[in-house]
Amino acid sequence: MAGLSTSSSMSLPVESDCKDARIGQVIEELDTPTLLLDRAASDGNLARMAGFFRDRPAKLRPHFKNHKCVTLAKRQMLAGAVGMTCAKLGEAEVLVDNGIRDVLIANQVVGAAKVGRLVRLAKRARITVAVDHIDQVEAISRAAVAAESVVNLLIEVDIGMGRCGLTTGEAVLKLATTLTGMPGVEFSGLQAYEGHLVNVVDREQRRIQSRDAMQQAVEIRRLLERSGIPVSCISGCSSATYDCTGILDGVDEIQAGTYATMDRQYFRLTPEFEVALSILVRVISRPGPGKAVLDVGVKGAGAEFGVPGIRDYPDVVIPFFLAEEHVVMNQTPDWSIGQPLHMIPSHACTTCNLYREMVVHENGVVVDVWPIEASGRLS
Ligand SMILES: Cc1ncc(COP(=O)(O)O)c(C=O)c1O
């Protein structure tokens, strides 16, 4: 049994009935590549983030896209999250199937097949979805009436990212006015994500710029409220901005995701969280002096935010190019054939999406194996 400590006075038990033969094994003896999670490090991250919001008005709604693992989501809920955020309807279905009863899909759900799944899911749990056009709303409303369910809607505001969302208060007010009172849907507030600023390396600059961006959503909230439309929620923010936009007056929900596992990129941005995720890899060839080939490439390590690193070897540089199944490195230490190494991916979210399970360890010994139930759920 693992205890997830969320404060000095509270320990949340999370039982595992896993009988995997790898339990008790030293991680370096595992087959490779294997996705590893350091449980103590991840628990520490969950407790730190939960602790930050425990006595603040905003509440955590962690983003499931980070790890896509139901066990981790349940640990986040036990640590105090009010529900989960998803990128995809398929992720939301996995969460509801596994007992999570309050799920936000922070994206637009479009197309008859998906809208049908959405309104059916809304019969089984409180489901909220982002919208930014009346056509999306009408389709959901019609389907929800037919299915006798209710879907909660957040109007997405583009606060500078340039992805989805309305850009003016007038446009938000018009959509909110139109959809208020439509059957099968309930206006719940605003979705606003400062994704264009989460990678600003200078923390003070990130703080100033992201607060300015999120303030736009808060001002739109005030406009709606002055116009007589109650706004129960602004949902947004990230692991890199939780301590600036997350404490802004008028922001209610924090969609931080990566803090649970962390990765190489986020460790540069928020070193107060520990890197819990790694990929156990092996040296499979030493074709020349200083040259080493590892048994994982882009099919096993998300690399959108730059090349991975090798734990304990901060000076060893992985070249820019990752092949499908290989990393070829020059100027390596005297690693032997078969030597296990811990690769730290630059992007945890796409890495977890490549695996079906994470092998959980403490002090280098396997203690559990957690399925990644929503891996590959792209629709
Ligand atoms: C809508 C939305 N909210 C929140 C996040 C924050 O996640 P993270 O904490 O991993 O940056 C993301 C990340 O892509 C997102 O797309």
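The structure under discussion appears in the preceding block.
Residues numbered from 1 in each chain as written. Predicted model: local features only at pLDDT ≥ 70, side-chain atom pairs only at ≥ 80, totals over all residues.

(A) Spotlight on the overall build of the protein chain. Check the secondary structure of the protein chain and you find nine helices and 18 strands. Taken against the 2.2 N^0.38 rule, which gives 21 Å for 379 residues, the C-alpha radius of gyration of the protein chain at 22 Å falls within 12% of a compact globule. The dimensions of the protein chain, computed from C-alpha atoms along their principal axes, are 70 × 45 × 45 Å. When each of the 379 residues of the protein chain is scored for burial, the buried share is 50%. Once local pairs closer than 6 in sequence are excluded, the contacts in the protein chain between residues at least 24 apart make up 67%. (Helix = DSSP H or I, 4+ residues; strand = E, 2+ residues; numbered from the N terminus. Rg over C-alpha atoms; globule rule 2.2 N^0.38 Å. Buried ≥ 20, exposed ≤ 12 C-beta atoms within 10 Å, placed from the backbone. Contact = placed C-beta atoms within 7 Å.)

(B) Spotlight on helix H7 (residues 203–226). End to end, H7 covers 34 Å across 24 residues, agreeing with the expected 34 Å (1.5 Å per residue, within 8%). All of the buried residues along H7 are Arg206, Ser210, Ala213, Met214, Ala217, Val218, Ile220, Arg221 and Leu224. For H7, the elements touching its buried residues are helix H6 (169–179), strand E9 (185–192) and strand E10 (233–236). Phi for Gly228, located one or two positions after H7, is positive at around 85°. (Expected span 1.5 Å × (residues − 1).)

(C) Representation of the sheet that holds E9 within the structure. Taking strand neighbours across the sheet as the criterion, the eight strands line up as E4-E11-E10-E9-E8-E7-E6-E5 in an open arrangement whose pairing is parallel. Of all the strands in the sheet, the pair left with one neighbour each is strand E4 (59–60) and strand E5 (84–86). In this structure, E10 lies alongside strand E11 (residues 253–254), joined through two bridges in parallel fashion. Bridge pairing links Ser235 to Glu253 in E11. In this fold helix H5 (residues 134–147) packs onto strand E7 (126–131), strand E8 (151–156) and E9, with an angle of close to 145° to the strand it touches most, E9. (Pairing = 2+ DSSP bridges. Axes fitted to C-alpha atoms, helices over the stretch in contact; angles between N-to-C directions.)

(D) Spatial organisation of H6. Along H6, the residues classified as buried are Val172, Leu175, Ala176 and Leu179. Summarising the axial view, the buried residues of H6 lie within an arc of 100°, below the 170-degree limit, and thus occupy one face. Contact partners of the buried residues in H6: H5, E8, E9 and H7. Gly181 sits one or two residues past H6 and shows a positive phi near 95°. (Arc of directions from axis to C-beta.)

(E) Local environment of unusual backbone geometry. A cis amide bond links Thr32 to the next residue, Pro33, at an omega of -10°. The topology assignment puts Pro33 in the loop between strand E2 (10–14) and strand E3 (34–38). One non-glycine residue, Met262, lies in the positive phi region at around 65°. Here Met262 shows up in the loop between E11 and helix H8 (264–269). A positive phi angle, near 55°, is found at Gln331, a position not held by glycine.

(F) Examining the packing of helix H3 (residues 89–97) against helix H4 (residues 112–121) more closely. Between H3 and H4, the least distance of the axes is 11 Å, while the angle of their chain directions is 25°. In this view, H3 runs roughly parallel relative to H4, as classed from their interaxial angle. For the crossing formed where H3 meets H4, the hand is left-handed. Side by side, H3 and H4 meet where Leu89, Ala92, Glu93 and Val96 of the first sit next to Lys114, Arg117, Leu118 and Leu121 of the second. Considered class by class, the residues forming the contact of H3 with H4 number five nonpolar, no polar and three charged. (Parallel < 35°, antiparallel > 145°, perpendicular 65-115°, else oblique. Left-handed = near helix turned anticlockwise from the far one by under 90°. Nonpolar A, V, L, I, M, F, W, Y, C, P; charged D, E, K, R; others polar.)

(G) Quick peek at the pairing of E8. Among the six residues that make up E8, five are buried, leaving the element largely enclosed by the rest of the structure. Two elements, E7 and E8, share four bridges in a ladder whose sense is parallel. Each bridged residue has a counterpart across the sheet, and for Thr128 the counterpart in E8 is Asn152. In this fold, E7 hands off to H5, which returns the chain to E8; that crossover is right-handed. In terms of strand pairing, E8 meets E9 through six bridges, oriented parallel. By the bridge assignment for E9, Asn152 is matched with Glu186. Regarding the hand of the β-α-β motif, the stretch spanning E8, H6 and E9 is right-handed. (Right-handed = clockwise from strand over helix to strand, strands pointing away.)

(H) Fine view of the nonpolar core. Formed by 114 residues in total, the largest nonpolar core has its most connected members in Leu95 and Leu118. Of the residues forming this core, the biggest block, six residues, is contributed by H7. With near-sequence residues (within four places) excluded, Leu95 lies in contact with Phe64, Val70, Ala73, Met84, Cys86, Ile100 and Val103. (Core = buried A, V, L, I, M, F, W, Y, C linked by C-beta atoms within 7 Å.)

(I) View of the site of the ligand. Contacts to the ligand come from 13 residues, most closely from Ser238, Ser239, Gln255, Gly257 and Thr258. Split by residue class, the shell around the ligand holds five nonpolar, eight polar and no charged. (Near = placed C-beta within 6 Å.)

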